[in-house]
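Each chain is listed here by its residues.
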Amino acid sequence: MGGLLQALVGVSEKAAELARLCRREEPLFQLLVAEKTGPDRNRRFLQDFKTLADVLIQEVIKHDLGKEFPELQGHIHGEESNEFRDVHGGTVAVRVCATREDTVALLLSVLGPEQEAAELLADAVHRDVVLGDAVLAGAEPGVSPQDLALWIDPIDSTNEYIGGREDVPPVDGIAPAGLCSALVLIGAFDRLSGRPVLGVINEPFFRRDPQTRRWQGRYHWGVAHGDTRLCSLSPPDPHPLPRVVLSRAEGAAVREALGPLCGGRLHFAAGAGYKMLCVILGLADAYVLSEGTTFAWDSCAPHAILRALGGGLVTLEGALRARREGRDPPELVYNSPAEGARGAERWANRGGLLAYLHPQHLEAVLGAL
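The numbering scheme is per chain: residues are counted from 1 as the chain's sequence reads. Under the rules for a predicted model, residues below a pLDDT of 70 receive no local features and side-chain atom pairs below 80 are neither given nor counted, while totals for whole chains, interfaces and linings still include all residues. By convention in this description, side-chain values take in all heavy atoms of the structure and omit both hydrogens and water.

## Some remarks on the confidence of the model for the chain
Right, so step 1: The predictor attaches a confidence to each residue, called pLDDT, with possible values from 0 through 100. For the chain, mean pLDDT is 91; residues scoring 70 or higher make up 95% of the total.
Right, so step 2: By the convention used here, residues are in contact when the closest approach between their heavy atoms is within 4.5 Å. Considering only residues more than four positions removed or in separate chains, one finds that residues 35-47, a stretch of pLDDT under 50, has 27 contacts.

Written out as structure tokens, the structure is:
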């Protein structure tokens, strides 16, 4: 499992570099920012390039992990379908080919004449990543890859990634929006129980190098398996007055109920993964979402890290019901699709979310609601 943990971090670093590449290199950046829909759509390329970037990152993660750990093949799930329309009007499955040249050719079947863009992407796809993390190398969680399955969100908070805003000032350390909220999320869960056991969150746009002006990233990982709790972070201390982070779209009833708990001051941010990361880092004490607008790929990786730090992630609706009935709140699991749902909705986190690190904040938020 130590080898798998290192592999997950390694592919998250490759994914982060691909995300940075699409914003840094002009041929890719122009495709990324020029994408429009309807009559304003850029006709130089056939596909929604932001989706292609998402899918390519997803397929790189699947390819690299499946090659190193054959037991995981068929058990690595992502947000995106990998089928695209090709230049001849047919369909092509975007994937990592055996050679760089074959990957270039496949990408050109989607991108049309964008030779330089295809070559830049293929170079990044076939580049090896070397980690120099002694702490990570010494982590031995003790669970077999054959017992696990994965959920991937290749670029969480895609709209913020496309918008690329770098000038959003943080409030108490929490960025309300912007490029920093675009994350790579890779979570592993137990195939039988559905419990998250391992998570990696990569921040591709953590900071700019003051000299080169290039973006630098960082990653966080956590393992919660049996009695094992390992994490790249230490549990943060709670704030004297709880901080709760919400979506800007959160309803008035939730805001009004939680306002007094937080001294009249609520925090807002973009991206479900980023809001959960704020809890993990101790910038917030809880993240509350009343709607079922997140999915398994959004929450699996953060959930594993929260568990590694002693916290958790529960369904808001189920937790409120359990509190009324005097039961412990049910945590999310990742192996059970929603009954009667189709497509992506099969994996929606119905009933909302409540992420927390300290049990007293779970109780305080549920009491306020």
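## Observations concerning helix α4 (residues 100-111)
Residue pairs three or four apart in sequence face the same way in an α-helix, which turns once every 3.6 residues.
Right, so step 1: Runs of H or I in DSSP of at least four residues are treated as helices and runs of E of at least two as strands, each being numbered from the N terminus. Expected span of a helix: the number of residues minus one, times 1.5 Å. With 12 residues, α4 extends 16 Å from end C-alpha to end C-alpha; this agrees with the ideal 16 Å at 1.5 Å per step.
Right, so step 2: Turning to α4, its buried residues are Thr103, Val104, Leu106, Leu107, Leu108, Ser109, Val110 and Leu111.
Right, so step 3: Just past α4, the residue Gly112 takes up positive phi, approximately 70°. Note on classification: 1.4 Å probe, protein chains only; a residue is buried when its accessible area is under 20% of the maximum for its type, exposed when over 50%, partly exposed between these limits.

## Description of the sheet that holds strand β13 (residues 353-356)
Right, so step 1: We treat two strands as partners when DSSP finds at least two bridges between them. Spatial strand order, β10-β9-β11-β13-β12: five strands in an open sheet with mixed pairing. Strands at the two margins of the open sheet, each flanked by one partner only, are β10 (267-268) and β12 (312-314).
Right, so step 2: Where strand β9 (residues 244-246) meets β10, two bridges bridge the pair, whose relative direction is parallel. Residue pairing in the sheet places Val245 in a bridge with His267 of β10.
Right, so step 3: As a rule, the C-alpha atoms of each element are fitted with a line to give its axis, helices using only the stretch in contact, and angles between N-to-C directions run from 0 to 180 degrees. Packed onto the sheet, helix α12 (residues 359-368) meets β9, β11 (286-289), β12 and β13 and runs at close to 145° relative to β13.

## Comments concerning the nonpolar core
Right, so step 1: Formed by 64 residues in total, the largest nonpolar core has its most connected members in Ile61 and Tyr161.
Right, so step 2: For this core, the element with the most residues is helix α1 (residues 2-24), which contributes 11 residues.
Right, so step 3: Beyond its immediate chain neighbours, meaning those up to four positions away, Tyr161 contacts Leu18, Ala19, Cys22, Arg23, Leu32, Ile155, Leu179, Ala182 and Phe205. Here the nonpolar core consists of buried residues drawn from Ala, Val, Leu, Ile, Met, Phe, Trp, Tyr and Cys, with membership extended through side-chain atoms lying within 4.5 Å.

## Structural notes on the side chain of Asp153
Right, so step 1: In this structure, Asp153 sits in strand β4 (residues 148-156).
Right, so step 2: Despite its burial, Asp153 pairs with no opposite charge, the nearest such side chain being Lys275 at 11 Å.
Right, so step 3: Not counting residues within four places of it along the chain, the set of residues in contact with Asp153 comprises Glu79, Leu183, Val184, Leu185, Trp297 and Asp298. Here Asp and Glu are counted as negative and Lys and Arg as positive; His is not counted, and neither are the chain ends. Salt bridge, as used here: a side-chain nitrogen of Lys or Arg that lies within 4 Å of a carboxyl oxygen of Asp or Glu.

## Notes on helix α9 (residues 272-280)
Right, so step 1: Where burial is concerned, most of α9 is hidden: nine out of the nine residues are buried.
Right, so step 2: Residues Ala272, Gly273, Tyr274, Lys275, Met276, Leu277, Cys278, Val279 and Ile280 constitute the buried set of α9.
Right, so step 3: Trailing α9 by a residue or two, Gly282 shows a phi angle of about 80°, which is positive.

## Topic: the side chain of Asn202
Right, so step 1: Of note, Asn202 is situated in strand β6 (residues 196-208).
Right, so step 2: Residue classification places Asn202 among the buried residues on the basis of a relative accessible area of 0%.
Right, so step 3: When sequence neighbours within four positions are dropped, the list of residues in contact with Asn202 reads Ser12, Glu13, Ala16, Leu183, Val184, Arg218 and Tyr219.

## Thoughts on the environment of Ala252
Right, so step 1: Along the polypeptide, Ala252 turns up in helix α8 (residues 252-258).
Right, so step 2: Classification of Ala252 by relative accessible area gives partly exposed; the value is 48%.
Right, so step 3: In sequence terms Ala252 and Thr228 are 24 residues apart; their C-alpha atoms lie 40 Å from each other.

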